[in-house]
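The chain contents come next:
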Amino acid sequence: MERTTRLTVLGCSGGIGSGRHTTCLMIDDDVLIDVGTGVTTLDFGQLLKIDHVFLTHAHLDHVLGLPLLLDSVGDQRTAPVTVHALPEVLDVLSAHLFNWKLWPDFREIPDKGAPWLRFEALARGETRTIGARRFQPLPAHHVVPACGYRIAASGGSLVFSGDTTHCPAFVETVNAMADLRHLVIETSFENALSDIARASRHHWPESLAAELDALKIAPQVWITHLKPGNEAAIMHELRAAVPGRELEALIQGQTIVW
Ligand SMILES: [Zn+2]
Ligand SMILES: [Zn+2]
């Protein structure tokens, strides 16, 4: 039997409110991509199973659950949680989050020899294998150093863009993936807010339409990071701008199996 990989959407909103959670995607039951407020939907037994975290960037809506996760499970685990991210992203976490001021540095707790947290820098172009899954950082264009991820397994690949605006290198890389099954890509703002989207380096429907126009392959496209309250308007504008492709809004709680 062919092994399958499962993505569970714990959070996929551009904000909070009325049950919405920010970005946190679980791969099978042991890996998280980003640790937004979505991580709080896991029960304690599920939190204990998280061995690896891949971060797209250091913005708070994508990392704020990480210090709480470590604090909750650290003394119950026998191995550290490993955080994989671009070196620049890990530098930000060291300087501004796990700095003994905003939060303790769990790389030294309970001691440096057997800590609850480990950082593993992931260079652009590198691929990290966890079990049967390969995680590859992808180009992104955001206001801070950021990447997307390709998760490749025997059933093909899934790509998650992370936070990004127009990024030719991303499209070029994705176009070379013959086995791409699913593309999870952000669209944060409506067309009327394109100035804010440009300034904060996010997509809006017109920019995403141009990005998808340049795609030479036809994966299932899932839209993520929609701003709270604007979900229906953004999806309406997207469907009008991209008539030729099936687009679905990613939904909190859903699973994608490939
Ligand atoms: Zn961001
Ligand atoms: Zn974000």
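Residues numbered from 1 in each chain as written. Chains lettered and ligands numbered in written order. Predicted model: local features only at pLDDT ≥ 70, side-chain atom pairs only at ≥ 80, totals over all residues. Heavy atoms only, no water.

Visitor: Before we go on, may I ask you to explain the pairing of strand β10 (residues 156–160) in this structure?
Guide: Looking along a regular strand, one sees side chains alternate from face to face of the sheet. Of all 5 residues in β10, 5 are buried, a share of seventy percent or more. Where burial is concerned, the two faces of β10 agree: the one with G156, L158 and F160 and the one with S157 and V159 are both buried. Here strand β9 (residues 147–153) pairs with β10 via 5 bridges, running antiparallel. Bridge assignment links I151 to a residue of β10, and that residue is L158. Between the end of β9 and the start of β10, which pair antiparallel, lie 2 residues. Sheet topology places β10 next to strand β11 (residues 180–186); 4 bridges connect them, and they run parallel. The residue bridging S157 from the neighbouring strand is L180, located in β11. (Buried < 20%, exposed > 50% of the residue type's maximum accessible area, 1.4 Å probe, protein only. Helix = DSSP H or I, 4+ residues; strand = E, 2+ residues; numbered from the N terminus. Pairing = 2+ DSSP bridges.)

Visitor: For this particular structure, what's the right way to read the coordination of the zinc ion (ligand 2)?
Guide: When a metal holds four donors in a tetrahedron, each ideal angle between them is 109.5 degrees; when it holds six in an octahedron, the ideal angles are 90 or 180 degrees. In the first shell of the zinc ion (ligand 2), the protein supplies D61 (OD), H62 (NE2), D163 (OD) and H225 (NE2), at 2.1 to 2.2 Å from the metal. All donor residues of the zinc ion (ligand 2) come from one chain, and their arrangement in sequence is D-H-x100-D-x61-H. Between the zinc ion (ligand 2) and the zinc ion (ligand 1), a separation of 3.6 Å is found, and both are coordinated by D163. Here H62 is found in helix α2 (residues 60–63), whereas its partner H225 is found in the loop between β12 (220–224) and α8 (231–241), with 163 residues between them in sequence. For H62, a relative accessible area of 0% translates into the label buried. H225 sits in the buried class, given a relative accessible area of 2%. (Donors = N, O, S within 2.8 Å, 3.2 Å for Na, K, Ca; no water.)

Visitor: Quick question: what am I supposed to make of the sheet that holds strand β3 (residues 31–33) here?
Guide: Sheets are built from strands that pair by backbone hydrogen bonding, the pairs being arranged parallel or antiparallel. In space, the 7 strands of this open sheet follow the order β6-β5-β4-β3-β2-β1-β14, with mixed pairing throughout. Unpaired on one side and paired on the other, β6 (117–121) and β14 (255–257) mark the two borders of the sheet. For this sheet, the mean inter-axis angle between neighbouring strands, taken without regard to orientation, is 20°. With 3 bridges joining them, strand β1 (residues 6–11) and β14 adopt antiparallel strand pairing. Residue pairing in the sheet places R6 in a bridge with V257 of β14. With respect to the sheet, helix α4 (residues 87–96) is in contact with β5 (81–85) and β6, its orientation differing from that of β6 by roughly 150°. (Axes fitted to C-alpha atoms, helices over the stretch in contact; angles between N-to-C directions. Contact = heavy atoms within 4.5 Å.)

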